[in-house]
Amino acid sequence: PHGLRQEDEDDHNVGRKSSSPATAFPPAVSLAATWNEDLAKEVGDALGKQCLDQKVDILLGPGVNIKRSPLCGRNFEYFSEDPFLAGKMGAAYIEGVQQNGIGTSLKHFCANNNEHLRMTISSIVDERALREIYLPAFETCVKKQPYTVMASYNKINGVYASDNVRLLDEVLRKEWGFEGLVVSDWNATNDRVEGIRAGMDLEMPASGGKNDSLIVEAVKKGTLDESALDKVVERILTLLFKCEKARKDDYKADYESAHELARRVAEESIILLKNDENLLPADEESDLLVIGALAKHSRYQGSGSSRINPYKLLSFTDCLTERGKKFDYAEGYTLKGNGHDERLYAEAINKAKNFEGTIVCFIGLTDNYESEGYDRTHLSLPAAHDKLVNALKELGKDVVFVLCGGSPVLMPWLKNTSTLINAYLPGEAGGEAVYDVIFGKANPSGKLAETCPLAENDS
């Protein structure tokens with residue numbers, strides 16, 4: 001959803017294939033924090049143009065599932081726990097992409113709010129909760145007529161989404177007036193024949209002809225009305241012709257301007273959580289000590305199927321070097337496991353102990369803490385990050401802390417910390433955006449689009 005993954009079909013990697021470079025925009029968690037529909041539309045427009053450039057017809061986004069719990073491993077890919085905000089941002093994104101003749105795939109319909117057992121779990125939701133919380137963002141977006149809607153893996157009240165007559169036919173098509181195509185999430189098809197009855201048009205990725213033969217058999221036996229199959233075929237052909245008409249063989253997107261747009265989105269998404277001692281904005285001429293591996297190895301996107309091969313990636317330390325700003329650096333922790341490394345920790349504390357100037361410390365969730373495919377088991381940061389924060393505060397130093405990650409975390413040290421900015425996952429230009437915020441070149445105008453619990457049992 002936040003950038004193209006045009007895979008290299010010649011890459012025979014059994015796992016995730018390599019992909020062509022594209023702009024890695026800040027994902028939905030950051031875009032939502034801008035509360036800026038016009039910006040969401042601009043991002044959509046840039047994505048649509050890159051689709052034209054890379055010969056992509058349908059972009060698999062936006063994801064407007066509700067953030068039911070901060071533990072969901074894929075929360076970085078969704079906008080908000082608030083259905084109004086999620087709907088408005090998603091609708092603007094769709095409008096931006098589709099004005100280029102490129103389709104979107106509104107996902108994951110619906111009540112897909114956790115990754116644990118996502119292919120078999122049943123979301124038990126009463127009608128009021130569906131109507132007030134889980135469906136409104138989809139309804140708002142459907143009014144923009146996305147080319148496709150993606151049926152989710154899970155069951156809803158015991159019926160798989162890909163077979164769900166009530167949701168796909170009665171609500172989506174008849175009640176909301178959806179005219180496009182329903183596609184399954186990858187390998188989310190439960191019963192292909194039942195899916196056709198429900199209005200699930202396209203199975204992805206494919207079943208090697210197995211399900212096709214079941215369709216033919218059902219029609220021949222008279223258990224599936226051929227007119228239902230005709231509707232599915234007509235919707236697939238309509239989409240094919242629409243996409244073919246929009247293609248531009250010689251189109252070239254402007255990736256430099258898209259990088260600048262990614263920077264603007266990141267700047268507008270950064271949230272000033274605390275500035276009690278007025279350390280920000282910092283003096284650009286002051287000596288600078290940067291602590292934390294996340295400052296050098298930018299956590300700019302989430303993990304899973306949406307990982308982008310960035311067009312131009314700049315971490316915070318990259319940006320300092322590019323702009324000629326002298327600084328000292330200490331890694332402080334590793335990016336593996338709980339992050340603890342006694343040598344790196346001691347080096348960071350020793351450098352901070354005698355330092356006079358601006359200290360910026362990056363902390364946050366590392367790649368193995370949140371990802372598509374599994375949920376987090378707790379809300380804590382890697383232990384080495386909390387230890388580093390506490391040690392720096394014990395030194396009595398004024399420190400600007402930068403929090404990175406795609407979802408809320410517990411901050412037991414918050415009361416004893418004077419300066420904290422939440423950078424979420426700021427995309428490929430995140431290092432530049434954080435620099436501009438810290439040194440007063442950009443206003444940290446982001447606003448929380450979700451609740452940050454103070455304790456795990458608060459959610």
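Preceding block: the structure.
Residues numbered from 1 in each chain as written. Predicted model: local features only at pLDDT ≥ 70, side-chain atom pairs only at ≥ 80, totals over all residues. Heavy atoms only, no water.

Re the overall build of the chain
- Of regular secondary structure, the chain possesses 15 helices and 13 strands.
- A compact globule built from 459 residues would reach a C-alpha radius of gyration of about 23 Å, and the chain, at 23 Å, matches this within 12%.
- A principal-axis box enclosing the C-alpha atoms of the chain has dimensions of 80 × 50 × 40 Å.
- Counting all 459 residues of the chain, 58% fall into the buried class.
- Sequence-distant contacts, at least 24 apart, represent 78% of the contacts inside the chain between residues at least 6 apart. (Helix = DSSP H or I, 4+ residues; strand = E, 2+ residues; numbered from the N terminus. Rg over C-alpha atoms; globule rule 2.2 N^0.38 Å. Buried < 20%, exposed > 50% of the residue type's maximum accessible area, 1.4 Å probe, protein only. Contact = heavy atoms within 4.5 Å.)

Comments concerning the packing of helix α4 (residues 127-134) against helix α6 (residues 165-175)
- It is at 15 Å that the axes of α4 and α6 come closest, and there the two elements cross at 55°. By the angle between their directions, the pair α4 and α6 is classed as oblique. As for the relative orientation of α4 and α6, their crossing is right-handed in sense. Contacts from Glu 127, Leu 130 and Arg 131 of α4 reach α6 at Arg 166, Val 171 and Glu 175.
- Here the residues of the contact of α4 with α6 are counted per class, giving two nonpolar, no polar and four charged. (Axes fitted to C-alpha atoms, helices over the stretch in contact; angles between N-to-C directions. Parallel < 35°, antiparallel > 145°, perpendicular 65-115°, else oblique. Left-handed = near helix turned anticlockwise from the far one by under 90°. Nonpolar A, V, L, I, M, F, W, Y, C, P; charged D, E, K, R; others polar.)

Thoughts on the nonpolar core
- Core analysis: the largest hydrophobic core is formed by 61 residues, its most contacted members being Phe 109, Cys 110 and Leu 172.
- Here this core takes eight residues from helix α3 (residues 83-98), the largest share from any one element.
- Not counting chain neighbours up to four residues away, the residues in contact with Phe 109 comprise Leu 135, Phe 138, Val 149, Met 150, Ala 151, Ser 152, Ala 161, Leu 167, Leu 168, Leu 172 and Trp 176.
- Ranked by size, the runner-up nonpolar core spans 54 residues in total, among them Cys 319, Ile 359, Cys 361 and Leu 403. (Core = buried A, V, L, I, M, F, W, Y, C linked by side-chain atoms within 4.5 Å.)

With respect to unusual backbone geometry
- Residue Cys 110 follows Phe 109 across a cis peptide bond; omega there is -10°.
- Mapped onto the elements of the fold, Cys 110 is located in the loop between β2 (103-109) and β3 (122-123).
- For the peptide bond that leads from Met 204 to Pro 205, omega is 0°, which places it in the cis range.
- Along the polypeptide, Pro 205 turns up in the loop between α7 (192-198) and α8 (210-221).

Examining the sheet that holds β3
- A sheet is described by the order of its strands in space; here three strands give the open sequence β3-β5-β6, paired in mixed fashion. In the strand order of this sheet, the two ends are held by β3 and β6 (159-160), each with one partner.
- Pairing of β3 with strand β5 (residues 155-156) involves two bridges; the strand directions are parallel. Residue pairing in the sheet places Ser 123 in a bridge with Ile 156 of β5. (Pairing = 2+ DSSP bridges.)

Let's talk about the pattern of salt bridges
- Enumeration over the complete set of coordinates arrives at 35 salt bridges.
- Where Asp 436 meets Arg 263, a salt bridge forms, and the shortest distance between an N and an O atom there is 3.9 Å. Here Asp 436 is found in helix α15 (residues 430-438), whereas its partner Arg 263 is found in helix α10 (residues 255-269), with 173 residues between them in sequence. For the pair formed by Asp 436 and Arg 263, the shared burial category is buried.
- The partner of Glu 284 in a salt bridge is Lys 441, and the shortest N-O contact between them spans 3.2 Å. Within this pair, whereas Glu 284 is found in the loop between β8 (271-275) and β9 (288-291), its partner Lys 441 is found in the segment after α15, the two being separated by 157 residues in sequence. (Salt bridge = Lys/Arg side-chain N within 4 Å of Asp/Glu carboxyl O.)

Focus: the pairing of strand β7 (residues 181-184)
- Side chains Leu 181 and Val 183 project from β7 onto one buried face, and the interleaved Val 182 and Ser 184 project onto a second face that is buried too.
- The pairing of strand β4 (residues 148-151) with β7 spans four bridges and is classified as parallel. Note on β7: the bridge partner recorded for Met 150 is Val 183.

Quick notes on the packing of aromatic side chains
- Scanning all chains against the criterion turns up six aromatic pairs.
- Relative to Phe 362, the ring of Phe 316 lies with its centre 5.1 Å away and its plane at 40°, an arrangement referred to as tilted. Of this pair, Phe 316 sits in helix α12 (residues 316-322) while Phe 362 sits in strand β11 (residues 358-364), placing them 46 residues apart in sequence.
- Taken together, the aromatic side chains of Phe 109, Phe 138 and Trp 176 make up a single cluster linked through ring pairs.
- Across from the ring centre of Tyr 147, 4.3 Å away, lies the NZ or CZ of Lys 242, which sits over that ring.
- In this arrangement the basic side chain of Lys 387 is found over the ring face of Tyr 345, its NZ or CZ atom lying 4.3 Å from the centre. (Phe/Tyr/Trp six-rings, centres within 6.5 Å; stacked < 30°, edge-to-face > 60°. Lys NZ or Arg CZ within 6 Å of the ring centre and 35° of its normal.)

Some points on the side chain of Thr 34
- Looking at the secondary structure, you find Thr 34 in the loop between α1 (28-33) and α2 (37-53).
- Its relative accessible area of 3% is what places Thr 34 among the buried residues.
- Of note is the side chain of Thr 34, whose polar atom sits 2.7 Å from the backbone oxygen of Leu 31.
- Not counting residues up to four positions away in its chain, the partners in contact with Thr 34 are Leu 39, Met 89, Val 265, Glu 268, Ser 269 and Lys 447. (Polar contact = N/O pair within 3.5 Å; in protein donor to acceptor, adjacent residues only side chain to side chain.)

Observations regarding α8
- Its 12 residues place the ends of α8 17 Å apart at the C-alpha level, agreeing with the 16 Å of an ideal helix rising 1.5 Å per residue.
- All buried positions along α8 are accounted for by Asn 211, Ile 215 and Ala 218. In a view along the axis of α8, the buried residues occupy a sector of 65°, so they form one face of it. Counted as exposed and oriented over 90 degrees from the buried face of α8: Lys 210, Lys 220 and Lys 221.
- Among the structural elements, α7 and α9 (226-246) are those in contact with the buried residues of α8.
- With its phi angle positive at about 85°, Gly 222 sits one or two positions after the end of α8. (Expected span 1.5 Å × (residues − 1). Arc of directions from axis to C-beta.)

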